[in-house]
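Summary of the model geometry
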Amino acid sequence: MTLPLQDPQLAVDAEGQPSTRSGFFRTVLRERKAAVVGLSIIGFFVVLSIVAPYISPYSITQQTCAVYAPPSGVHWLGCDDGGIDMLSLLMQGGRISLVVGFAATLVAMIIGGGVGILSGYFSGWIDVGLMRITDYLLVIPDLVLMIVIADVWGASLFHVIIVIGILEWTSTARIIRAQVMSVRERVYVKRTRAMGASNARIIWKHILPQVGPLLIANTVLTIAIAIYLETALAFLGLEDPTVTTWGTILENAFQRTAISSGAWWAIVPAGLVIAAVIVGCFLFGQAVEDALNPRLKAANLSVRRWRLRPLVGRGPDAI
Amino acid sequence: MRSADYLLKRGFFALVTVFVAITINFFLFRVLPGSAVSDLSRVPKASPQLKHALTAEFGLDKPKWQQYLIYLRELFHGNMGISFVNQQPVSHLLIADLKNTIPMVTVGTVAAIVVGVATGVLSAWRRGTVPDHLSTNGAIFFYAFPTQWLGLMLLIIFAGTLPAAGMSDPFLFSAEPFWPHLVDIGKHMILPAATLMLTAYGSYTLVVRSSMLETLGEDYVLTARAKGLPDRRIVRRHAFRNALLPMVTLVALDLGYIVGGALLIEVIFSWPGIGLAMYDAIGQRDYPMLQGGFLILTLAVIILNFAADLIYFRLDPRISQ
């Protein structure tokens, strides 16, 4: 149960691995403003979703004002076609949107992480087989396939989650696979194997912790995609008609002539909150991924080192 | 030798992907429990005649593997079934729709590439300055906005000034000569194509920016500077061209996303393309149309991907080694 190496310092030097996972994320949050902004946005919407039923000003099942009533002091964001308060709809719709985004991402990460680790760790025919499947799925247009599956299965929240989950794992699988292939070749993994550790133990104890941050970065990026896809499926009428999500709010507004009624308030806020969550996920996920990718950092450094910046300042004819 | 190998490999991959797509299509509609074509009771106005005709045509009473072979055979003859709604052959309907989709998607995508490359190069050059922040943040935001929402926004803003629905003015359609008709279609195309451009250009900006930064740090750029070449020449000839390589891959990878976005856009602007046809098919439970639409869009993406492979190979022969 002890580490195969006597000298822990040597292990760190030889592998050059980040110290600990929590330490890594603390560093990212300290050094990258984008990560803090992104995480705050995500955190804000998660908390808002949890407390939404208690703080939303009106019921979302009862008419509380006129049809397409414009924003006012009483209804800050106006009302929809059924006279339901938009702000309450947005707050409570966000709950389901986030649940769909998180749940679908969980499914996608289990498949994508699993495929990536198995494929990268075992190589050989397992790798070839799994990567072929991944490649084929990467090429097939995902939203179109989702529409077909969701329509054949019937519109329901559960189906939307599963459909997004089983199709959005491909890029994660490829990224994780590449990382696992490099971790597998590191000295400490080879030594562990020489000590007689089983494959399961090596994967669980040594590979998984190393790909953890990358998996988290991808999880966050996938949440953004899942939320985006949910709104798209909902817009096409493939979401459960009895639930309210940010996607169905947009669908209702489009179907029930919000535009010709001039009711911009039924459309604009929903898009802004969706975009805010997606940007939040994007900023955080990208910051973590950048911190893990030394190649990008080196390229930026070299630009600075070779003083190519003055090239920029030579006037507009530079291009 | 090697290049021939590479091309063969990619061609083979494209063919197998086509086959995979066809098989997925078959499984979804025939094999899954409650699947569509065999469960005709879910289709509105499904007459006994229609049921008989379909049973005979697709051999729905035969074992699944035989159905699969029949399905493949029919497909190779270009038979995608008959639309439940208007009893026309699906292939004819969809090819007519495809002719409307292609120009809109092409214009939108080309515009997205041009805008993405321009803003990406600008960002990389003015790295860390206000224009860089503006174009990077703008790219992230437009990338994050849901496609359908951007479309609706353009509708709200331009509904009075630009045509907002359809592909041409019905009153202008057959009576007018060629040019006014084309101009009319062009006007109708502005909003859908602009929406597509806005949703797609953001990722191009970010990738061009980082790839441009990377190339500006390469040794050959330094060498070019050391030779005393003028800056314009360095950037145009040495940095810019190499920085564009990843764009080919990205555009190919993005095709699926663009096709999905185009579908939403066609719904919003009632553009009579394949996306709108699939949307209508969802509402009317017209499964053959849905199936055919999926197949044609997937085939299009696969073919364009293969084309991108060829272009990339032409631009960068190193990949075959």
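In this report, the structure presented in the accompanying data block is examined. (Residues numbered from 1 in each chain as written. Chains lettered and ligands numbered in written order. Predicted model: local features only at pLDDT ≥ 70, side-chain atom pairs only at ≥ 80, totals over all residues. Heavy atoms only, no water.)

Per the secondary structure count, chain B includes 12 helices and zero strands. Shown N-terminal to C-terminal, the secondary structure of chain B runs as helices and strands in the order α-α-α-α-α-α-α-α-α-α-α-α. By the burial criterion, 51% of the 321 residues in chain B qualify as buried. Contacts in chain B between residues at least 24 apart in sequence constitute 73% of all its contacts with a sequence separation of at least 6. Of the roughly 15,200 Å² of accessible surface on chain B, a fraction of 67% belongs to carbon and sulfur atoms. (Helix = DSSP H or I, 4+ residues; strand = E, 2+ residues; numbered from the N terminus. Buried < 20%, exposed > 50% of the residue type's maximum accessible area, 1.4 Å probe, protein only. Contact = heavy atoms within 4.5 Å. Areas by Shrake-Rupley, 256 points an atom, 1.4 Å probe, with all protein chains shown as cover.)

The subject of this paragraph is the side chain of E251(A). All names here are of chain A. For E251, the location among the structural elements is in helix α11 (residues 246-255). Of the buried charged residues, E251 lacks a salt bridge, with R256 as the closest side chain of opposite charge at 6.9 Å. When neighbours within four sequence positions are excluded, E251 is seen to be in contact with A234, F235 and G237. (Lys, Arg positive; Asp, Glu negative; His and termini not counted. Salt bridge = Lys/Arg side-chain N within 4 Å of Asp/Glu carboxyl O.)

Let's shift gears to the environment of T249(B). Positionally, T249(B) belongs in helix α10 (residues 245-268). In this structure, the C-alpha to C-alpha distance between T249(B) and Y312(B), residues 63 residues apart in sequence, is 7.5 Å.

Below, the discussion takes up the environment of L221(A). Residue and element names in this part refer to chain A. On the secondary structure map, L221 appears in helix α10 (residues 199-235). L221 gets classed as buried once you look at its relative accessible area, which sits at 15%. Along the backbone, L221 and W125 are 96 residues apart, and their C-alpha atoms lie at a distance of 30 Å. Sequence-distant contacts of L221, that is, excluding residues within four places in its chain, are made with C281, F282, G285, Q286 and E289.

Before going further, it helps to spend a moment on the state of the cysteines. Residues and elements named next belong to chain A. A full pass over the atoms with the stated rule returns one disulfide over all chains. One disulfide in the model links C65 with C79; its S-S distance is 1.7 Å. Between C65 and C79 the disulfide shows an S-S torsion of about -135 degrees. By sign, it is left-handed. Taken together, the positions of C65 in the loop between α3 (33-55) and α4 (86-122) and C79 in the loop between α3 and α4 put the pair 14 residues apart, joining distant regions of the chain. With respect to burial, C65 and C79 carry one shared label: buried. (Disulfide = S-S within 2.5 Å.)

The geometry of helix α6 (residues 142-153) of chain A relative to α10(B) is characterised by a closest axis approach of 6 Å and an angle of 60 degrees between their N-to-C directions. With respect to α10(B), the axis of α6(A) lies oblique. Across from L143(A), V144(A) and I147(A) in α6(A), the residues of α10(B) making contact are V259(B), G260(B), L263(B) and L264(B). (Axes fitted to C-alpha atoms, helices over the stretch in contact; angles between N-to-C directions. Parallel < 35°, antiparallel > 145°, perpendicular 65-115°, else oblique.)

The next subject is the packing of aromatic side chains. One pass over the structure, following the stated rule, counts 17 aromatic pairs over all chains. Geometrically, the ring pair formed by F44(A) and F45(A) is edge-to-face, given 5.2 Å between the ring centres and 80 degrees between the ring planes. Between F26(B) and F27(B) the ring centres are 6.2 Å apart and the planes differ by 85 degrees, which places this aromatic pair in the edge-to-face class. (Phe/Tyr/Trp six-rings, centres within 6.5 Å; stacked < 30°, edge-to-face > 60°.)

Take the nonpolar core next. If you look at the biggest cluster of nonpolar residues, it comprises 178 residues, and the most contacted ones within it are I164(A) and M278(B). Ranked by residues supplied to this core, first place goes to α10(A) with 18 residues. Apart from the residues within four sequence positions on either side, I164(A) is in contact with V100(A), A104(A), M146(A), A226(A), L229(A), E230(A) and L233(A). (Core = buried A, V, L, I, M, F, W, Y, C linked by side-chain atoms within 4.5 Å.)

Moving on, we get to the packing of helix α5 (residues 124-139) of chain A against helix α8 (residues 170-184) of chain A. All names here are of chain A. Packing of α5 against α8 brings their axes to within 9 Å, and their N-to-C directions diverge by 140 degrees. By the angle between their axes, α5 is oblique relative to α8. Relative to α8, α5 is oriented so that their crossing is left-handed. Within the contact between the two elements, α5 uses D127, M131, T134, D135, L137 and L138 and α8 uses T170, A173, R174 and R177. Per-class residue counts for the contact of α5 with α8 are four nonpolar, two polar and four charged. (Left-handed = near helix turned anticlockwise from the far one by under 90°. Nonpolar A, V, L, I, M, F, W, Y, C, P; charged D, E, K, R; others polar.)

Turning our eyes to something else, we now look at a nonpolar patch on the surface. A cluster of nonpolar residues, W264(A), I156(B), I157(B) and F158(B), forms a patch on the protein surface that exposes about 380 Å² of accessible area. Along the chain, W264(A) falls in the loop between α11 and α12 (268-292). (Patch = residues over 30% accessible without salt bridge, like charges linked within 9 Å, V, L, I, M, F, W, Y side chains within 5 Å.)

Bringing a positive patch on the surface into the picture now. Together, K227(B), R232(B), R233(B), R236(B), R237(B) and R241(B) make up a positively charged patch on the protein surface. When you line up the elements, R232(B) lands in helix α9 (residues 231-243). (Charge placed at Lys NZ, Arg CZ, Asp CG, Glu CD.)

Here we take up the pattern of salt bridges. Going through the model one piece at a time under the given rule, you end up with eight salt bridges over all chains. When the shortest N-O distance is used, the salt bridge between E185(A) and K190(A) registers 3.3 Å. A salt bridge links R209(B) to D132(B); the nearest nitrogen and oxygen atoms lie 3.0 Å apart. One end of the pair, R209(B), is in helix α7 (residues 178-216); the other, D132(B), is in helix α5 (residues 130-144), and 77 residues separate them in sequence.

Even without being glycine, S123(A) reaches a positive phi, approximately 45 degrees. Among the residues examined, S123(A) registers a relative accessible area of 27% and is labelled partly exposed. For S270(B), which is not glycine, the phi torsion reads 50 degrees and is therefore positive. Relative to the elements of secondary structure, S270(B) occurs in the loop between α10 and α11 (274-284).

Each side of the interface is counted separately: chain B has 64 residues, and chain A has 53 residues. Applying the counting rule to chain B against chain A returns zero salt bridges. Here chain B and chain A share five residue pairs in polar contact (both at pLDDT 80 or more) between them. When grouped by side-chain class, the residues that make up the side of chain B that touches chain A number 43 nonpolar, 12 polar and nine charged. (Polar contact = N/O pair within 3.5 Å; in protein donor to acceptor, adjacent residues only side chain to side chain.)

Note that every value here comes from positions in space, so none of it alone points to a role or purpose.
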